[in-house]
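# Topology and contacts: notes
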Amino acid sequence: MNDICVFLGEGYEEIEALTVVDILRRASIPVKTVSITGAREVTGSHQITVKMDELLSEIDFDKVEMIVLPGGMPGTKNLEACEVLMEQVDAFVKADRPVSAICAAPSILGHRGHLKGRKACCFPSFEEHLEGAEVLEEASVVSGSITTGRGMGTAIPFALSILERYQGAEAAQAMAEKIVYQR
């Protein structure tokens, strides 16, 4: 299996990004943190600095299994302003390859027209940005190749949805039990 890549810009939401990394690594799914800034360390919206596994310039998108976009401000805006990443998001969605976004980040998919005819969720007050989507108030929503999550408080179910995509419902339930999370 290729790497799942979690892309981070300055001001990302730490829990949303690192929960995905943590849960997938516990499940032995290859996952990398990727800086869009050109720097090896990226600081989140709550001033937590994390060393990245890779830089955007080092990524071969033909070998990326899934793109993950964490929310946070201004992290979401910084991701959306990254043209190289947005070109890849567009290409992934067009090719029906998996893309996941949580909190404010699903707004990026809405702005780019990728949620038309799909179900999705996002941080409360960002619903108007999910252009063309059937907006749900669930913790995490899987609609075809796109997974969305509502926010920091739903980071675990969001990460478990990604795990379920690759290892099935039983593996996701087993992980939930292992980390003492009630689904």
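As shown above, the structure is provided for reference.
Presented here is a report on the structure given in the accompanying data block. (Residues numbered from 1 in each chain as written. Predicted model: local features only at pLDDT ≥ 70, side-chain atom pairs only at ≥ 80, totals over all residues. Heavy atoms only, no water.)

## Some points on the overall build of the chain
Counting secondary structure elements, the chain contains six helices and 11 strands. For the chain, the C-alpha radius of gyration of 15 Å lies close to 16 Å, the compact-globule estimate for 183 residues. Taken along the three principal axes of its C-alpha coordinates, the chain extends 40 × 35 × 35 Å. Partitioning the intrachain contacts of the chain with sequence separation of at least 6 by distance along the chain shows that 61% fall at a separation of at least 24. Per element, the accessible surface of the chain, about 8,200 Å² overall, is 47% carbon and sulfur. Counting 17 positive and 27 negative side-chain charges, the chain places the averaged centre of each group 3 Å from the other. (Helix = DSSP H or I, 4+ residues; strand = E, 2+ residues; numbered from the N terminus. Rg over C-alpha atoms; globule rule 2.2 N^0.38 Å. Contact = heavy atoms within 4.5 Å. Areas by Shrake-Rupley, 256 points an atom, 1.4 Å probe, with all protein chains shown as cover. Lys, Arg positive; Asp, Glu negative; His and termini not counted. Charge placed at Lys NZ, Arg CZ, Asp CG, Glu CD.)

## Section: helix α6 (residues 169–178)
Working note: α-helix, 3.6 residues per turn, so residues spaced by three or four point in the same direction. Of all the positions in α6, only Ala172, Met175 and Ala176 are classed as buried. Down the axis of α6, the buried side of the element spans an arc of 100°, and every buried residue falls inside it. Across from the buried face of α6, at angles greater than 90 degrees, the exposed residues are Glu170, Glu177 and Lys178. In this structure, the buried side of α6 is in contact with α1 (14–26) and α5 (155–167). (Buried < 20%, exposed > 50% of the residue type's maximum accessible area, 1.4 Å probe, protein only. Arc of directions from axis to C-beta.)

## Quick look at the packing of aromatic side chains
Applying the stated rule across the entire model yields three aromatic pairs. Here Phe7 and Phe61 contribute two aromatic rings whose centre-to-centre distance is 5.8 Å and whose plane-to-plane angle is 10°, an arrangement assigned as stacked. Here Phe7, found in strand β1 (residues 3–8), pairs with Phe61, found in the loop between β5 (54–55) and β6 (64–69); they are 54 residues apart in sequence, far enough to count as distant. According to the relative accessible area criterion, Phe61 is buried, its value standing at 8%. Aromatic side chains Phe123 and Phe126 sit 6.4 Å apart centroid to centroid with 70° between the ring planes, which places their arrangement in the edge-to-face category. According to the relative accessible area criterion, Phe123 is partly exposed, its value standing at 39%. Judged by its relative accessible area of 19%, Phe126 is buried. Each member of the aromatic cluster is reached from another via a ring pair, and the members are Phe7, Phe61 and Phe92. Stacked on the ring of Phe92, the Lys or Arg Arg97 has its end atom at 3.7 Å from the ring centre. (Phe/Tyr/Trp six-rings, centres within 6.5 Å; stacked < 30°, edge-to-face > 60°. Lys NZ or Arg CZ within 6 Å of the ring centre and 35° of its normal.)

## As for α1
With 13 residues, α1 extends 18 Å between its outermost C-alpha atoms, agreeing within 8% with the 18 Å of an ideal straight helix rising 1.5 Å per residue. For α1, the set of buried residues is Glu14, Glu16, Ala17, Thr19, Val20, Val21, Ile23 and Leu24. Along its buried surface, α1 packs onto β1, β2 (31–35), β6, β7 (99–102), α5 and α6. For α1, the side-chain oxygen to backbone nitrogen distance between the N-cap and Ile15 is 3.0 Å, and the N-cap itself is Glu13. Ser28 sits one or two residues past α1 and shows a positive phi near 60°. (Expected span 1.5 Å × (residues − 1). Polar contact = N/O pair within 3.5 Å; in protein donor to acceptor, adjacent residues only side chain to side chain.)

## Some details on the packing of α5 against α6
Direction vectors running N to C along α5 and α6 enclose 140°, while the axes themselves pass 7 Å from each other. By the criterion of interaxial angle, the relationship of α5 to α6 is oblique. Where α5 crosses over α6, the handedness of that crossing is right-handed. In this structure, α5 contributes Leu160, Leu163, Glu164 and Gln167 to the contact, and α6 contributes Ala169, Ala171, Ala172, Met175 and Ala176. Residues of the contact of α5 with α6, tallied by class, amount to seven nonpolar, one polar and one charged. (Axes fitted to C-alpha atoms, helices over the stretch in contact; angles between N-to-C directions. Parallel < 35°, antiparallel > 145°, perpendicular 65-115°, else oblique. Left-handed = near helix turned anticlockwise from the far one by under 90°. Nonpolar A, V, L, I, M, F, W, Y, C, P; charged D, E, K, R; others polar.)

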